[in-house]
Amino acid sequence: MPKLIRVLIIDDSASVRQTLADILNADPDIEVIGTAADPFAAARKLAHDVPDVITLDVEMPRMDGITFLRKLMAQRPIPVVMCSSLTEGGSTTLMQALEAGAVDIILKPRVDTRQFLLDASVRICDSVKAAARANLSHLPRRSAATRPPPAEKLTADVMLPPPVIRPSPCMGLVMM
């Protein structure tokens, strides 16, 4: 019996989480191991159980999906399928998701999302299966010890040289 593809769903919409879980669990090759309403809840789940694939929304409370994707790929690369209404063709968000490491994109409509997801169930399952086969070995994993230190914040005084004060023969001191 082949190994099931284990999926974590991260989306702030309870109805989208439930619909995606129903669609994915209906496929005999896929098992939803959990859902999370935001990246912080997802991080707690990831500390205990690592899925084969993550579906991830972009707009969420407390942290957006692109930021979470970047952090995930830097620390523990897992194939991610972005599922968002903001990832339309040619959009900045689409480009950011792909640059951050998303392996596939599913564009959700802004209205009637549940029906769209149900209609696209074959595409969603195929996307998750393809993502599970993705090779992320080219992405460097970074532990806290190998991450570069945060950049030092510079003040305007460091950026601009201090004013030079020279005496003027007719007016006293003049700042230049």
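Residues numbered from 1 in each chain as written. Predicted model: local features only at pLDDT ≥ 70, side-chain atom pairs only at ≥ 80, totals over all residues. Heavy atoms only, no water.

**Considerations on the nonpolar core**
Logical step 1: Residues I10, I54, L56, F68, L69, V80 and M82 are the most contacted members of the largest nonpolar core, which totals 25 residues.
Logical step 2: When contributions to this core are tallied by element, the ones reaching two or more residues are β1 (5-10), α2 (39-46), β3 (53-56), α3 (65-75), β4 (80-84) and α4 (92-100).
Logical step 3: Of all the elements, α3 adds the most residues to this core, at 5 residues.
Logical step 4: Those residues in contact with L56 that lie beyond four places of it in its chain are I10, G65, F68, L69, V80, V81, M82 and C83. (Core = buried A, V, L, I, M, F, W, Y, C linked by side-chain atoms within 4.5 Å. Buried < 20%, exposed > 50% of the residue type's maximum accessible area, 1.4 Å probe, protein only. Helix = DSSP H or I, 4+ residues; strand = E, 2+ residues; numbered from the N terminus. Contact = heavy atoms within 4.5 Å.)

**Quick look at unusual backbone geometry**
Logical step 1: Not every positive phi belongs to a glycine, and R62 is a case in point at roughly 70°.
Logical step 2: Among the structural elements, R62 can be located in the loop between β3 and α3.
Logical step 3: A relative accessible area of 57% means that R62 is categorised as exposed.

**Some points on the sheet that holds strand β5 (residues 104-107)**
Sheets are built from strands that pair by backbone hydrogen bonding, the pairs being arranged parallel or antiparallel.
Logical step 1: The parallel open sheet is built from 5 strands, whose spatial order is β2-β1-β3-β4-β5. Strand pairing shows two members of the sheet lacking a second neighbour, β2 (30-36) and β5, which therefore form its edges. The sheet shows a mean angle of 20° between the axes of neighbouring strands, direction not considered.
Logical step 2: Against the sheet, helix α1 (residues 14-26) contacts β1, β2, β3 and β4, and its axis sits at roughly 165° relative to β2. (Pairing = 2+ DSSP bridges. Axes fitted to C-alpha atoms, helices over the stretch in contact; angles between N-to-C directions.)

**Notes on the pattern of salt bridges**
Logical step 1: Enumeration over the complete set of coordinates arrives at 6 salt bridges.
Logical step 2: For D52, the salt bridge is made with K3, and the minimal N-O distance between the two is 3.2 Å. With D52 in the loop between α2 and β3 and K3 in the segment before β1, the pair connects residues that are 49 residues apart, well separated along the chain.
Logical step 3: With a closest N to O distance of 2.5 Å, R6 and D49 form a salt bridge. Of this pair, R6 sits in strand β1 while D49 sits in the loop between α2 and β3; the two residues are 43 residues apart in sequence, bridging distant segments of the chain.
Logical step 4: One continuous salt-bridge network, built from bridges that share partners, spans D27, D29 and K129. (Salt bridge = Lys/Arg side-chain N within 4 Å of Asp/Glu carboxyl O.)

**Description of the packing of α1 against helix α6 (residues 121-132)**
Logical step 1: In contact at an axis separation of 10 Å, α1 and α6 are set at 75° when each is read in the N-to-C sense. On the basis of their axis angle, the class for α1 and α6 is roughly perpendicular. Of α6, the residues touching α1 (which contributes L20, I23 and L24) are S121, I124, C125 and V128.
Logical step 2: A per-class count over the contact of α1 with α6 returns 6 nonpolar, 1 polar and no charged. (Parallel < 35°, antiparallel > 145°, perpendicular 65-115°, else oblique. Nonpolar A, V, L, I, M, F, W, Y, C, P; charged D, E, K, R; others polar.)

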